[in-house]
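Notes for the structure review
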Amino acid sequence: MKELVTFQVGSYANFIGSHFWNFQDELLGLVEDAEADLVFKNQNIDMDVLYRTGENHQGMPTYTPRLISVDFQGSLGSMSSHGTLYNQNSSLSSGVTTWTGGVSTQSSEPYKKNLFLKRLYDEGQEIGANNANGIDKASVESHSEILDTDVVKSLEDGVQFWTDFSKVHYHPQSLFELNGLWMGAQEFNNYRIGRDTVSEGLQGDEINERLRFFVEECDHVQGIQFIVDDSGGYSGVAASLLENIEDEYTNVPVLLYSVRSPDSYTKAANRKQVISRKLHDAVSFSALSSLCKLIVPLGLPSLSENRASQFLNLQNEKPYHSSAVYASAIHSITLPFRMKRVGPAGESLNESGAMDLYEGIQMLVGQARQNSVTILDAAMPAPSITDRRFRLVNLQPLTPETAHDVEDLQAIESMVVHGVLGAGHHEASVSEVREAVETAYENTSTRPRFSHVSVSRCPLPIPLPFPSIFGNLVGRRGELLSNPQSGSGSGSGSRGSLDVHSIPMAARLRSTTAVLPFLENRLNNIHKLGIERGSIGADVLRDWGFGKEEVEEIGESISKMVLALDPQQGYSSDSD
């Protein structure tokens, strides 16, 4: 088996991760659910790729994500940094063992569990107690006093932390809070601050030790999937951690998602902030892209107004909403890395397109032009293969600043289609989906040079804490309806987990010249604001600790990426 280790660094990255793990937890539950659709029981997905087995202090078996989450101290809400399975009490420490003077402690009231977490906790306590007496889970659930409708409403109205809607148990090594930061998120806003946070002191060492814990217990780690909120100081935190990965695990590939929440695009308060943001984008992207095999920028300025949300009804101001879309796309595009290649009887299942992380990265990056920046597209939900809307144009970019209708004869694509419906609203077979995709390619003028297609009949399950973001044309199984349906969601025309139980998905990673605007914007900004003689951003970069040569190296690294896709462009550091 080839395991994956997951990193989530930053608030929005953890919002995305919380949804991602809820999907995995839901899949695990559906396998054990006697009433669940057979498609979930025969999903041919190896959850051990993402999860580890263990046992708690009472000797009870545990099954937890192979995950390291990094966020501000206090970002876990009502959840303990030790998780919920091991019953460890966190202790306060001044961090100075030789101090003999007086110590004062300031504490705040712990956050109360919302309705969802309260019911989750109560059911866990009841199930644990009643299982010992031979009472099954169904009888416990029937006595629940908190209704699903109340849970859904409470989440729509009151999610503050990513843990507020997490239904997953975490290992004590998974949740790390950065302490000693006497600043808010607004001040923790640049690459240098984040880098110093983990490089100065012992916090970086502790996070690296946690990574070692998860990696060393793997049989054969296939790679690391890394999600980082790169709009502020967390990009520097991530870069410091990625440098350790590069040094300690040379042959372990890293797939990195640099994510942005809609509120990171809010209008700058003044000209200095505009300059600072543009420079930070270039600095952060240059650093992160140099420390991974493949980088996928994610996060549109207004997801609700984008064509990617044509069947959705979400609110941009709620990270709980937008993060669910990006988590769905990440779940879909990473399915091939945990698909089983051999069935229970030893028969080959590889016609589904299973591959490991290294194979996926090599396919997209290891071509002639060595492009390591890809676009992630998604269709949520994907139309039926019998629907005239089942066309590749349904896949809309979730990567910002990309070009549309670009003809790139050297493009490379990796597509995942899962749970798509066919005739009679049944899940289409692997061969039917492949034939439909091939037909769609034949009808487009921009066919890539190479395309890999992975197919699974298992749709995306919609767990109870998923937000009510589906429009009124989305049916119970994610089918696209002819007539609008009412829903139980709080918004007008919104449908959620009580109305939609699963959806078909399509997602695609593209290595293409369509990413050039994203690269060119960062190259132009670092050149005009930081490199050219008399550039107005030089002082900002100097305050962040960057010397002239370091800034020129940033420009050179981004220029090489542009040149790889368009040899006619690029800048040289001797232009001044």
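Scroll up for the structure.
Before going into details, it helps to say that this report is about the structure given with it.

About the criteria used
Residues numbered from 1 in each chain as written. Predicted model: local features only at pLDDT ≥ 70, side-chain atom pairs only at ≥ 80, totals over all residues. Heavy atoms only, no water. Salt bridge = Lys/Arg side-chain N within 4 Å of Asp/Glu carboxyl O. Helix = DSSP H or I, 4+ residues; strand = E, 2+ residues; numbered from the N terminus. Buried < 20%, exposed > 50% of the residue type's maximum accessible area, 1.4 Å probe, protein only. Core = buried A, V, L, I, M, F, W, Y, C linked by side-chain atoms within 4.5 Å. Contact = heavy atoms within 4.5 Å. 1 Å grid on protein atoms, 1.4 Å probe; cavity = no way out; pocket = protein on both sides within 12 Å on 5 of 7 lines; lining within 4 Å. Points joined across faces, edges and corners; volume = space filled by probe spheres on them. Nonpolar A, V, L, I, M, F, W, Y, C, P; charged D, E, K, R; others polar. Expected span 1.5 Å × (residues − 1). Arc of directions from axis to C-beta. Pairing = 2+ DSSP bridges. Axes fitted to C-alpha atoms, helices over the stretch in contact; angles between N-to-C directions. Parallel < 35°, antiparallel > 145°, perpendicular 65-115°, else oblique. Left-handed = near helix turned anticlockwise from the far one by under 90°. Phe/Tyr/Trp six-rings, centres within 6.5 Å; stacked < 30°, edge-to-face > 60°.

1. Some thoughts on the pattern of salt bridges
In total, this model carries 24 salt bridges according to the counting rule given. Lys167 serves as the salt-bridge partner of Asp25, at 2.5 Å between the closest nitrogen and oxygen. Highlighted residues: Asp25 in helix 1 (residues 11-32) and Lys167 in the loop between helix 5 (148-158) and strand 5 (175-178), separated in sequence by 142 residues. A relative accessible area of 18% means that Lys167 is categorised as buried. Between Lys153 and Asp157 there is a salt bridge whose closest N-O contact spans 2.8 Å. Of this pair, Lys153 and Asp157 both sit in helix 5, four residues apart, roughly one helical turn. Relative accessible area serves as the criterion here: at 52%, Asp157 is assigned to the exposed category. Three or more residues joined by partner-sharing salt bridges are found here, namely Glu209, Arg212, Glu216 and Glu248.

2. Some words on the nonpolar core
With 77 residues, the main nonpolar core has Tyr257, Leu298, Met380, Leu398 and Phe470 as its most contacted residues. At eight residues, the largest contribution of residues to this core is made by helix 10 (residues 319-333). Not counting the four nearest positions on each side in its chain, Tyr257 is found in contact with Phe226, Ile227, Val228, Val296, Leu298, Ile330, Ile333 and Thr334. Counting 62 residues, the second largest nonpolar core, distinct from the first, contains Ile68, Val198, Leu288 and Ile554.

3. Quick look at the side chain of Thr402
Examined against the element boundaries, Thr402 turns out to sit in the loop between strand 10 (396-397) and strand 11 (412-418). Leave out the neighbours within four places in its chain, and Thr402 touches Ile375, Pro397, Ala514 and Pro517.

4. Quick look at empty space enclosed by the protein
As enumerated under the stated definition, the model contains five cavities of 30 Å³ or more in all. Taken as a whole, the largest cavity spans an internal volume of roughly 80 Å³. What lines the largest cavity is a set of 13 residues, and nearest its centre among them are Phe390, Arg391, Leu392, Leu395 and Ala506. For the lining of the largest cavity, the residue count by class is 11 nonpolar, one polar and one charged.

5. Focus on helix 12 (residues 430-442)
Along its 13 residues, helix 12 runs 19 Å from first to last C-alpha, staying within 8% of the 18 Å computed at 1.5 Å per residue. Buried within helix 12 we find Val433, Ala436, Val437, Ala440 and Tyr441. Projected onto a plane normal to the axis of helix 12, the buried residues spread over an arc of 140 degrees and lie on a single side. Of the residues in helix 12, the exposed ones pointing more than 90 degrees away from the buried face are Ser431, Glu435 and Glu442. In the core, the buried residues of helix 12 are packed alongside strand 11 and strand 12 (450-456).

6. Some words on the sheet that holds strand 10
Pairing within the open sheet is mixed, and its five strands lie in the order 10-9-15-11-12. Lying at the two open borders of the sheet, with one neighbouring strand each, are strand 10 and strand 12. Strand contacts of helix 10: strand 9 (375-379), strand 11 and strand 15 (505-511), with the helix running at about 75 degrees to strand 15, the strand carrying the most contacts. Here helix 12 sits on the sheet and contacts strand 11 and strand 12; the angle it forms with strand 12, its principal contact strand, is near 150 degrees.

7. So, the packing of helix 6 (residues 191-199) against helix 8 (residues 234-248)
Taken N-terminus to C-terminus, the directions of helix 6 and helix 8 make an angle of 50 degrees; their axes are 6 Å apart at the nearest point. The orientation of helix 6 relative to helix 8 falls into the category oblique. As helix 6 packs across helix 8, the resulting crossing turns out to be right-handed. Contacts from Tyr191, Gly194, Arg195, Val198 and Ser199 of helix 6 reach helix 8 at Ser235, Gly236, Val237, Ala239, Ser240 and Glu243.

8. Considerations on the sheet that holds strand 7 (residues 254-259)
Overall, parallel pairing links the six strands, which are arranged 5-4-1-6-7-8 in an open sheet. Of all the strands in the sheet, the pair left with one neighbour each is strand 5 and strand 8 (294-298). The mean inter-strand angle of the sheet, taken between neighbouring strand axes irrespective of direction, is 15 degrees. Across four bridges, the pairing between strand 1 (residues 3-9) and strand 4 (residues 67-72) is parallel. Residue pairing in the sheet places Thr6 in a bridge with Leu67 of strand 4.

9. Some points on the side chain of Arg210
Mapped onto the elements of the fold, Arg210 is located in helix 7 (residues 203-216). Residue contacts for Arg210: discarding those within four places in its chain leaves Ile68, Pro172, Gln173, Ser174, Leu175 and Phe176.

10. Remarks on the packing of aromatic side chains
Within the structure shown, the criterion is met by 17 aromatic pairs. With 5.1 Å between their ring centres and 85 degrees between their planes, Phe20 and Trp21 make a pair best called edge-to-face. Classification of Phe20 as buried rests on a relative accessible area of 3%. A relative accessible area of 0% places Trp21 in the buried class.

The quantities given are spatial measurements derived from coordinates; they are silent on function.
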